[in-house]
4 protein chains.
Amino acid sequence: MKMITEKILPDVIKKRRTDSFKSNYGKVALIGGNENFGGAIIMSTLGAVYAGAGLTTTITALSNQTSLHSWIPEAMFLDYSNINETNKLVNKMDVITIGSGLGTDENSLKVLKNVLENVEPQQTLIIDGSAIDLIATYNLQLPNVKLILTPHQMEWQKISNVKIKDQTEKNNQLAYHNLAQNHELILVLKSEHTHTYYQNDVYLNTTGTPAQATGGMGDTLAGIIAGFVAQFGYSEKVINAAVFSHSKIATDLAENQYVVLPHQISQKLPEFMKKNEK
Amino acid sequence: MKMITEKILPDVIKKRRTDSFKSNYGKVALIGGNENFGGAIIMSTLGAVYAGAGLTTTITALSNQTSLHSWIPEAMFLDYSNINETNKLVNKMDVITIGSGLGTDENSLKVLKNVLENVEPQQTLIIDGSAIDLIATYNLQLPNVKLILTPHQMEWQKISNVKIKDQTEKNNQLAYHNLAQNHELILVLKSEHTHTYYQNDVYLNTTGTPAQATGGMGDTLAGIIAGFVAQFGYSEKVINAAVFSHSKIATDLAENQYVVLPHQISQKLPEFMKKNEK
Amino acid sequence: MKMITEKILPDVIKKRRTDSFKSNYGKVALIGGNENFGGAIIMSTLGAVYAGAGLTTTITALSNQTSLHSWIPEAMFLDYSNINETNKLVNKMDVITIGSGLGTDENSLKVLKNVLENVEPQQTLIIDGSAIDLIATYNLQLPNVKLILTPHQMEWQKISNVKIKDQTEKNNQLAYHNLAQNHELILVLKSEHTHTYYQNDVYLNTTGTPAQATGGMGDTLAGIIAGFVAQFGYSEKVINAAVFSHSKIATDLAENQYVVLPHQISQKLPEFMKKNEK
Amino acid sequence: MKMITEKILPDVIKKRRTDSFKSNYGKVALIGGNENFGGAIIMSTLGAVYAGAGLTTTITALSNQTSLHSWIPEAMFLDYSNINETNKLVNKMDVITIGSGLGTDENSLKVLKNVLENVEPQQTLIIDGSAIDLIATYNLQLPNVKLILTPHQMEWQKISNVKIKDQTEKNNQLAYHNLAQNHELILVLKSEHTHTYYQNDVYLNTTGTPAQATGGMGDTLAGIIAGFVAQFGYSEKVINAAVFSHSKIATDLAENQYVVLPHQISQKLPEFMKKNEK
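Throughout this description, residue numbers start from 1 for each chain and increase along the sequence as written. Here every chain gets a letter starting at A, and every ligand a number starting at 1, in the order they are written. With pLDDT at 70 or above as the cut-off, local features in this predicted model cover only qualifying residues; side-chain atom pairs require 80 or more to be listed or tallied, and sums for whole chains, interfaces and linings still use all residues. Here the side-chain values reflect all heavy atoms present in the structure, with hydrogen atoms and water set aside.

Enquirer: Hey, could you go over the overall build of chain A for me, with residue numbers and the actual values?
Expert: Counting from the N terminus, the helices are DSSP H or I runs at least four residues long and the strands are E runs at least two residues long. A count of helices and strands for chain A gives 11 helices and 10 strands. A globule of 278 residues ought to have a C-alpha radius of gyration of about 19 Å, and chain A, at 17 Å, matches this closely. Residue burial is assigned from relative accessible area. The probe radius is 1.4 Å, only protein chains are included, and a residue is buried under 20% of its type maximum, exposed over 50%, and partly exposed in between. Scored against the burial criterion, the 278 residues of chain A give a buried share of 67%. Whether two residues are in contact is decided by their heavy atoms, any of which lying within 4.5 Å being enough. Considering only residue pairs separated by 6 or more positions, chain A has 68% of its internal contacts joining residues 24 or more positions apart. His is not counted, nor are the chain ends; Lys and Arg add positive charge and Asp and Glu add negative charge. To locate a charge, take NZ of a lysine, CZ of an arginine, CG of an aspartate or CD of a glutamate. When the 24 positive and 26 negative side-chain charges of chain A are each reduced to one mean point, those points stand 6 Å apart. Using C-alpha atoms as the atom set, the radius of gyration is obtained and then compared with a globule rule of 2.2 Å times the number of residues to the power 0.38.

Listed below in structure tokens is the structure:
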């Protein structure tokens, strides 16, 4: 097992070139947020935009349009019930996140299936939250694209059939290889000690704080990963840097806070990344 | 009569264990906020989330969905006119607050009755604001659960039949025991000197400021109590710590402010709790 | 002519009594904000709440409900097209402001007329912005209550028939007395040197900055006046203290800002009032 | 080619006269923001208001009303599908911006055509984003008013027929003169080194940072230009000062931020302009 420490940051967070455009920093679509869980997709969007994604579009329930813009006018909006427009837009993206606050109802399933059918090999797809649940429940096929899976332990149990108590490094690796057969896959298994699985390597996040134990942390992480991949590319190193940044900012905030709110982490990203760029 | 001082804080606000999850910090539902009093349930929600509740859902009028998320994407949303979903959700909660901005119309009554019928003995129910009013007016039965009542003096008069001028410690204790006959009950009687009644004890809050004399203070307190109970359990000590924290933060802010806005108190909670954890 | 200086502040902004309740600080209703000018009534509400009004309700177009709560959950909401509820609520108020962003269409007129007919002698009515316009255009009768009029120079021309170029102290006093015949009236005539007229006195505001020359300043002032009257009573001294505070905060901010946004002034009120209380 | 440096600022940002009114600082209308790109017009509005425009109205899709007011109550709102009211309002404006987030659908085209037909010679019209696209696609006539065009390189290719690789100073000047035949025209050609073209002069912006390479920067610039023209008049010097301010604030923020969010730039304008006024 390899340790994820802050040494990873300057390897990933590259000083931006002077002659760069927003098109150099990727197009991200974040899909999720039903009528009940709109906050989840807002938090995810904050993660992507404050991490520095070039262009971000949030595809969510119509009822989340106004609160999304109230938080972050930098993100564009699309109603996820508009399947045609969703498909057109998803085709143009570099990175797609699906699942934060998506829910598990019929409409969520429809949105998810549609994305799974339309993503293409050169695109990165981050599957989070209820999307993992739905894939497990309906036994949906993982698409042949650059995949990132970000389950917490219960979601991992569902999709891998490895019970939480049996989730040892060994068993997780077996299950990882089982899932990864036909796709590139990076697995971010979230817990109080988040592990990343990629090919034959396992990485352990060495930072984090119990002040993070509050709703919305995972949604935020999914957005930050999207922002990092959009700028720095798809690799286990980049994903590990995102995982570390998320927990390290929380840990820093927790020096003066009993609980850390997820949206605070995103808002600290620009400063944190500046300090750790190279 | 016992004094509530800051000595109570380290007894209640326990340093979080390293290996903790959001599920360790409770599931909270906050029910209230009709079309006119949406701000009340937003303030209550801020109290619960900034106090550190694990997972928070706000069950309120549809018209409050967007402003809720604009303040606090960390909270989930449910339309309180959806009685079926409300029941399903309430069943899974550890702590339920009802009444902040609920109003006293027919719909409010329906929502309240439904919750009173569905809560279960192991759950904590905080009854605030207009819910107290409605219970008094319609002579509704208090359910056999872990109860917390947070009336101001006029609401206490309504539900106890003790007139404000007669609200002595003695009379309040009698009325408390009358109400508490079949349930665990902690009574937080709000005034410029808030008292807590539990079994045969009476506690006096020793902090507070006239800068708190503005609308929304009570709603905020109800939310903070919910957040504290969700994390630290149901006991008079925990409730007293919530009461004290709310007033002490206000008192600190009032050193530099003529009036303290309720939402400011909630936003200071993470820092205040960190300083006073043990 | 008398000068309004900061000496007026400690005479008005009284240290709050320890045993005070929100009911001691007045009930305020702010009426205005049509579909196009919703921001105006939000700014007015910020003025009243941040000044310390006990309980504040904003009566405005339904389309402003969510943005109002997004700024200030401490304010309650009522749809101004609900005339019955508006009347019931207005009856319970100590101070009513009408006009900020009200507009001059048919619906605005209906709302205004209704208020003019329903206010009662012990209540303070602040008439601002388009309400002044409407009163002039439709020759509406001023009600026999404690009146405050806050026109800018063009609005004053409309309601007084004194052309801007003729608005000398002398002519304004004559017009003031003409309007004040049957009511208590305080006139705040806004310009880069705001004057207050009350009985035979004229007061000149000695502070202010050209950084205030931006839309929304008047709406904010109307709200601050409401907050001051709610707490400190109806008198020319109290109104002058509100006028001075509004301009002085702006002047202080303008030391570091080319333009001062109205909402910033309101947010500075608690600190400013604390420094100047006695 | 001339350099735009900070020496330009004190020539443009004039200390405000003590006896000034909001009417001295111009009436601005910002037109754009369809159902998907509402954030763009919000960012543009922030630019105009925080720059100090006297009165600002945002003409946009109804779905953006609430998020607009949640960011900036100082701006008034009009639904852009109300063509009659839009025309009436546009007639009263000093400066009109069209295009930020307008989109390129049928409705966008209708709104644009209507404005192009109704602007008058003494008015300044800033044409940005999708409005440039539409003008190129439908070969619409540029109106005979004070024009400012703010294309990025691809939009410039569309409207000028000069391919990006051929966009040399020489070719751009030729194309500029071709477009400017019948109108006053200032061209702001946005890239990592923004150039301004006016008559026979070409100006190069000497500041800027790759931290600006994120969505919404152009929308913000269009708003800032509108705010500057409204206050300081239509000239290449004023436009260059706006271009410089936008990039310089970003560059200052980028000392501590990996990415700069457009809304942050607008919020820094009052302080930046104060430091550079004369």
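That shown, we press on.
Enquirer: Describe helix H11 (residues 262–275) of chain D, listing the residues and the values that go with them.
Expert: Look at H11 of chain D: 20 Å from first C-alpha to last across 14 residues, which is about the 20 Å you get at 1.5 Å a residue. The largest bend along H11 of chain D reaches roughly 45° and is located at Leu-269 of chain D, with the proline Pro-270 of chain D sitting one to four residues downstream. Looking at the buried positions of H11 of chain D, the neighbouring elements they touch are helix H2 (38–51) of chain A together with helix H1 (8–12), helix H2 (38–51), helix H3 (65–71), helix H9 (217–232) and helix H10 (236–253) of chain D. For a helix, the expected span equals 1.5 Å multiplied by the number of residues minus one. One axis fitted to the seven residues ending at a residue, another fitted to the seven starting there: the angle between these axes is the bend at that residue.

Enquirer: An account of the interface of chain A and chain B is requested, with residue identities and associated values reported.
Expert: The parts lose accessible area when they come together, and the size of an interface is often stated as this lost area. If you look at the interface, chain A gives 31 residues, while chain B gives 35 residues. Reported buried area values correspond to the accessible surface (1.4 Å probe) lost by two parts on association, with both partners' losses combined. Taking both sides of the interface into account, the surface hidden between chain A and chain B amounts to around 2,600 Å²; carbon and sulfur atoms contribute 59%. Any carboxyl oxygen of Asp or Glu within 4 Å of a side-chain nitrogen of Lys or Arg constitutes a salt bridge here. The interface formed by chain A and chain B includes zero salt bridges. Any pair of nitrogen or oxygen atoms within 3.5 Å is treated as a polar contact; in protein, a donor-acceptor pairing is required on top of that, and neighbouring residues in sequence qualify only through side-chain atoms on both sides. The tally of links between chain A and chain B comes to 11 residue pairs in polar contact (both at pLDDT 80 or more). Put simply, the parts of the chain that give the side of chain A that touches chain B at least two residues each are H2, helix H3 (65–71) and helix H11 (262–275) of chain A. Residue composition of the side of chain A that touches chain B, grouped by class: 13 nonpolar, 15 polar and three charged. Residue classes follow a fixed rule: Ala, Val, Leu, Ile, Met, Phe, Trp, Tyr, Cys and Pro count as nonpolar, while Asp, Glu, Lys and Arg count as charged, and any other residue, Gly among them, counts as polar.

Enquirer: Requested: an account of the packing of helix H5 (residues 106–118) of chain B against helix H6 (residues 129–137) of chain B, with residues and values cited.
Expert: All names here are of chain B. Only the stretch in contact is used when fitting a helix axis, every axis being a line fitted to C-alpha atoms; angles between N-to-C directions are given from 0 to 180 degrees. Contact geometry for H5 and H6: axes closest at 10 Å, N-to-C directions at 85°. Taken together, the axes of H5 and H6 lie roughly perpendicular to each other. Side by side, H5 and H6 meet where Ser-108, Leu-109, Leu-112 and Leu-116 of the first sit next to Ala-131, Leu-134 and Ile-135 of the second. Between 65 and 115 degrees an angle is taken as roughly perpendicular, under 35 as roughly parallel, over 145 as roughly antiparallel, and anywhere else as oblique.

Enquirer: Residues and numbers for the pairing of strand E7 (residues 146–150) of chain A, please.
Expert: Residues and elements named next belong to chain A. Of all five residues in E7, four are buried, a share of seventy percent or more. In this region the chain leaves strand E6 (residues 124–128), passes through helix H6 (residues 130–137) and returns to the parallel neighbour E7; the handedness of that crossover is right-handed. Paired strands, in this sense, are two strands between which DSSP finds at least two bridges. The pairing of E7 with strand E8 (residues 184–189) spans four bridges and is classified as parallel. Note on E8: the bridge partner recorded for Leu-149 is Leu-187. Consider the strands pointing away from the viewer: the crossover is right-handed when the path from the first strand over the helix to the second runs clockwise.

Enquirer: Talk me through the pattern of salt bridges; I want residue IDs and the actual numbers.
Expert: Any two side chains of opposite charge can pair, on the condition that their charged atoms come close. This structure, assessed with the given rule, holds 44 salt bridges over all chains. Between Lys-165 of chain C and Asp-166 of chain C there is a salt bridge whose closest N-O contact spans 3.4 Å. Note on Lys-165 of chain C: relative accessible area 70%, which makes it exposed. Through salt bridges with shared partners, one network takes in Lys-15, Lys-274 and Glu-277 of chain A.

Enquirer: Describe helix H9 (residues 217–232) of chain A, and please don't skip the residues or the numbers.
Expert: Residue and element names in this part refer to chain A. Given a rise of 1.5 Å per residue, 16 residues ought to cover 22 Å, and the 22 Å separating the end C-alpha atoms of H9 matches this to within 8%. Burial of H9 is extensive: 16 of the 16 residues sit out of reach of the surface. Among the residues trailing H9, Gly-233 stands out with phi positive, at a value near 95°.

Enquirer: Any details on the side chain of Ser-266 of chain A? Residues and values, ideally.
Expert: Residue and element names in this part refer to chain A. Position of Ser-266 among the secondary structure elements: in helix H11. A polar contact is formed between the side chain of Ser-266 and the backbone nitrogen of Gly-47, at a distance of 3.3 Å. Aside from chain neighbours lying at most four places away, what touches Ser-266 is Met-43, Leu-46, Gly-47, Tyr-50 and Thr-220.

Enquirer: How would you explain the relation of the copies chain A and chain B if you had to name every residue and give the values?
Expert: Superposing copies: least-squares fit, C-alpha atoms only, residues required to have pLDDT of at least 70 in both. Once chain A has been moved 0.0 Å along the axis and rotated by 90°, it coincides with chain B to within an RMSD of 0.0 Å. In the structure described here, the two chain copies are related by an operation that fits a four-fold rotation axis. Residue Ser-70 of chain A, judged by its C-alpha, is the member of chain A lying nearest the rotation axis, at 4.3 Å. Mapped onto chain B, only 10% of the interface residues of chain A are again interface residues, and the two copies thus contact each other with different surfaces.

Enquirer: Any chance you could break down the sheet that holds strand E4 (residues 76–79) of chain C for me, citing the residues and the numbers?
Expert: Residues and elements named next belong to chain C. Taken together, 10 strands build an open sheet; the order of strands is E1-E10-E9-E8-E7-E6-E5-E2-E3-E4 and the sheet is mixed. Bordering the open sheet on either side are strand E1 (2–4) and E4, each of which pairs with just one other strand. Neighbour-to-neighbour, the strand axes of this sheet turn through a mean angle of 20°, independent of strand direction. Relative to strand E3 (residues 55–60), strand E2 (residues 27–31) runs parallel, the two sharing five bridges. Paired with Lys-27 across the two strands is Leu-55, which belongs to E3. The strands touched by helix H5 (residues 106–118) within the sheet are E2, strand E5 (95–98) and strand E6 (124–128), with E5 carrying the most contacts at an inclination of about 155°.

Enquirer: I'd like a rundown of the environment of Asn-182 of chain A, residues and numbers included.
Expert: With respect to the helices and strands, the residue Asn-182 of chain A is situated in the loop between helix H8 (169–180) and E8. As a C-alpha pair, Asn-182 of chain A and Met-273 of chain A span 91 residues in sequence and 34 Å in three-dimensional space.

Enquirer: Provide a residue-level description of the sheet that holds strand E7 (residues 146–150) of chain D, including the pertinent values.
Expert: Residue and element names in this part refer to chain D. Taken in spatial order, the 10 strands line up as E1-E10-E9-E8-E7-E6-E5-E2-E3-E4 in an open sheet, and their pairing is mixed. The open sheet is flanked by strand E1 (2–4) and strand E4 (76–79), the only strands paired with a single partner. When strand polarity is set aside, the average angle formed by the axes of neighbouring strands in this sheet is 20°. Here strand E8 (residues 184–189) pairs with strand E9 (residues 195–198) via four bridges, running antiparallel.

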